[in-house]
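# A closer look at the structure
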Amino acid sequence: MRILSSYSIKSVLIVFFITLLIFSFLVMAVETFMHLDSFMTGNLAFKEMAIYAFSSLSEYLMLLAAVSMLFSITYFLSNMSANNELISLYSAGLSKFRIILPILILSFLVTLLFFAFNESIALEWKNFNAIVSQEYFGLSGTQDATDTVLYDEESGYLIYADRYSESYGRLYSPLLLKITSGGVEERIEADYAEYDGKSWKFENARVVRRGEEGYESFSAREFSDPDFQVPGELFRSQNRNLETMEIEYVHDYLERLESVNRDAWMDGMTDFLRRLAEPLGILVLSLISMTMNYSYKKNVLLFSVVQSLVIAVVYYVSDMVFSIAARQGAVNVYSVFYAPFVITVVLGYLISFLGKRI
């Protein structure tokens, strides 16, 4: 049994890594050719092209990992069926569950690994891709939030800024007001404010405060208000913030967003649920590949690969369709998380049932 488990895990992992590597190089090549004109116009060297190609891979890695795992398991089991190895194992008294158990455990561990990766290193990787895109192609408009307004109900701070630069963590031309029941307690204007992970530092600040004898004002080259502790992640542009925002800030951000803009909340929640579901696609597609029918009389490898590709296409198309529908309010926003899984599983079992008749 130990030999079978070791053989199964090793075979699946080898094909998985080879397939993932091939798909990754294909994606990087496509991204490079799509921006080839920009590279030539900007006189960028091969090094810059390679850096951008590698950074762009962050947007596709979860998709490539899921498809690679689906293909590797399908390839392994279909080969075992074509070489009559499955029949030999069944004749030896092993059940199908016992044969696929090592692969099931492997799929679960790979899913956990990619989930942890997606919530840590991948976030920085995507931010790096945004910075590289901004530097090489000037695509700052898609990443930086403009005319930013944020109100913190707990502390009573209202802040407005012309622009928030995600790459530098800066608010440009910020205006900060501390509002209480008695009116405006404090007003801060500055050239820009920079977040160091704990507090905001206002550069060339002009401060007006209410005192016992009225308002008093002063200027400071560098000023910090210890009561203003709003994380910089909350100022990110709405078109990408839920894809790269640290998970500990997501709940607070979505709560604020729901209270002021329901439509924007639906967009944000859709992005966040898709982000959580991305690594789970590895496990779901692996389960489907393990339960597929491999008893075709002829061309078992060809039929199995085609079957797996059809299922993968259906999964990602349904994910796209439900995402669009959720943003428009046509379906419950939480269906983005579970509906593509349910549809894919049902389709997988249906194809497996029909395959038994071929």
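Above this text is the structure in question.
Residues numbered from 1 in each chain as written. Predicted model: local features only at pLDDT ≥ 70, side-chain atom pairs only at ≥ 80, totals over all residues. Heavy atoms only, no water.

The next subject is the environment of G281. Within the secondary structure, G281 sits in helix α10 (residues 262–291). Residue class for G281 comes out buried when judged on its relative accessible area of 0%. Sequence-wise, G281 and M69 are 212 residues apart; in three dimensions their C-alpha atoms are separated by 9.8 Å. Setting aside anything within four residues of it in sequence, one finds G281 in contact with A66, Y315 and F341. (Helix = DSSP H or I, 4+ residues; strand = E, 2+ residues; numbered from the N terminus. Buried < 20%, exposed > 50% of the residue type's maximum accessible area, 1.4 Å probe, protein only. Contact = heavy atoms within 4.5 Å.)

Here we take up the pattern of salt bridges. Applying the stated criterion to the full structure yields 9 salt bridges. The partner of E186 in a salt bridge is R209, and the shortest N-O contact between them spans 2.7 Å. With E186 in strand β5 (residues 183–189) and R209 in strand β7 (residues 200–211), this residue pair connects regions lying 23 residues apart in the sequence. By relative accessible area, which is 6% here, E186 ends up buried. A residue is classified by how much of its surface remains accessible, and R209, at 30% relative accessible area, is partly exposed. (Salt bridge = Lys/Arg side-chain N within 4 Å of Asp/Glu carboxyl O.)

What follows deals with the pairing of β5. In terms of strand pairing, strand β4 (residues 175–180) meets β5 through 6 bridges, oriented antiparallel. Looking at the pairing, L177 lines up with R187 of β5. In this sheet, β7 lies alongside β5 in antiparallel orientation, the contact comprising 4 bridges. When the bridges of β7 are listed, E186 appears paired with R209. (Pairing = 2+ DSSP bridges.)

With that settled, the discussion passes to the packing of helix α4 (residues 61–82) against helix α6 (residues 96–118). Where α4 meets α6, the axes come as close as 11 Å, and the angle between the chain directions of the two elements is 170°. Considered as vectors, α4 and α6 are oriented roughly antiparallel to each other. Between α4 and α6, the residues in contact are L61, M62, A65, M69, I73, F76 and L77 and I103, S107, V110, F114, F117 and N118, respectively. Of the residues in the contact of α4 with α6, the class split is 11 nonpolar, 2 polar and no charged. (Axes fitted to C-alpha atoms, helices over the stretch in contact; angles between N-to-C directions. Parallel < 35°, antiparallel > 145°, perpendicular 65-115°, else oblique. Nonpolar A, V, L, I, M, F, W, Y, C, P; charged D, E, K, R; others polar.)

The next thing to look at is a nonpolar patch on the surface. On the surface, V313, V317, M320, V321 and I324 cluster together to form a nonpolar patch covering roughly 430 Å² of accessible area. The residue V313 is located in helix α11 (residues 300–327) in this model. (Patch = residues over 30% accessible without salt bridge, like charges linked within 9 Å, V, L, I, M, F, W, Y side chains within 5 Å. Areas by Shrake-Rupley, 256 points an atom, 1.4 Å probe, with all protein chains shown as cover.)

Note that all results are geometric; they support no functional claim without further evidence.
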